[in-house]
Amino acid sequence: MESTKSQTAVILIHGAWAEGSCWSDVVEQLQSEGYKVTAPQFPLTSLADDVARLRQVLALHDGPTILVGHSYGGQIMTALGADAPNVVGLVYIAAFGLDQGESLGAALAQGPVTPALAHRFVDQSGFVWLSEDDFVNHFAADVDPVKARVLYAVQQPLAATGFDDVMGVPAWKTLPSWYLVASDDQALPPDAERQFATRMGAMVVEVPSSHLAMVSHPKDVVQLIESALDACQPAG
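A short tour of the structure in this document, coming up. As the structure is a computational prediction, the values presented were derived from the model and not from experiment.

Cut-off values and rules
Residues numbered from 1 in each chain as written. Predicted model: local features only at pLDDT ≥ 70, side-chain atom pairs only at ≥ 80, totals over all residues. Heavy atoms only, no water. Helix = DSSP H or I, 4+ residues; strand = E, 2+ residues; numbered from the N terminus. Rg over C-alpha atoms; globule rule 2.2 N^0.38 Å. Buried < 20%, exposed > 50% of the residue type's maximum accessible area, 1.4 Å probe, protein only. Contact = heavy atoms within 4.5 Å.

**Re the overall build of the protein chain**
Right, on to step 1. Along the backbone of the protein chain there are 10 helices and nine strands.
Right, on to step 2. Over its C-alpha atoms the protein chain spans a radius of gyration of 16 Å, differing by no more than 12% from the 18 Å that the globule rule assigns to 236 residues.
Right, on to step 3. If you line up the protein chain on its principal axes, its C-alpha atoms span 55 × 40 × 30 Å.
Right, on to step 4. Taking all 236 residues of the protein chain together, the buried fraction comes to 53%.

**Remarks on the environment of Leu44**
Right, on to step 1. By secondary structure assignment, the location of Leu44 is in the loop between strand S2 (36-38) and helix H3 (47-58).
Right, on to step 2. Distance from Leu44 to Trp17, taken between C-alpha atoms, is 9.2 Å for residues 27 residues apart in sequence.
Right, on to step 3. Non-local contacts of Leu44, meaning those with residues more than four positions away in its chain, are made with His14, Gly15, Ala16, Trp17, Asp50, Tyr72, Phe127, Gln156, Pro157, Leu158 and Ala159.

**A look at unusual backbone geometry**
Right, on to step 1. Backbone geometry places Ser71, a non-glycine residue, at a positive phi of 55°.
Right, on to step 2. Within the fold, Ser71 resides in the loop between strand S3 (65-70) and helix H4 (72-78).
Right, on to step 3. Here Ser71 falls in the buried class, since its relative accessible area comes to 6%.
Right, on to step 4. For Asn86, which is not a glycine, the phi torsion comes out positive at approximately 70°.

Fair warning: the whole summary comes from geometry, so function is off the table for now.
In structure tokens form, the structure reads like this:
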């Protein structure tokens, strides 16, 4: 008989300047415990394209699903709105949890530019990249420098227009939420993370991590995901 764990799907959503392999340690641990895990690649070409990719992956699962979004990945899952088939919970990892009418650009403009984003630049095709120094020393501040440089090398840029996309009705209005605040984050201010979490009524944990908590603190991230899985486990 198939275990309850294997019937529960987890979709891990990477953010800007990252890609699916940033979840490797989290995937390995969840798989070892019997969970079905998917960590797809998102195009980061527009919020609509990224939501379409998430829906494509959701269609592969016919049972309860937990979504886990990091950074801009929180924007993607939030934008599902109330139309989130089979989704039973949302886990935000140092992620954006915007409300209706808000945008990434407006949220970031509320404070000074963070160290990780200080030298971001836009290429000729309209995509935003991070500099190596800012990525290694600030974006991935507590990641081993050798690994951080690898992550820098495989970064996926975000379309600059993504900063202007306005959020519709957020998915967290109708779904239970969990939030990991990275208290040493140099990309998304920890106070902003706390505000997102408080506003959505999330169950919150704080970890002394850089922005890339799933890389530097995978056990803490898995523990929070498992809290959501346990709370959202189907009866029987």
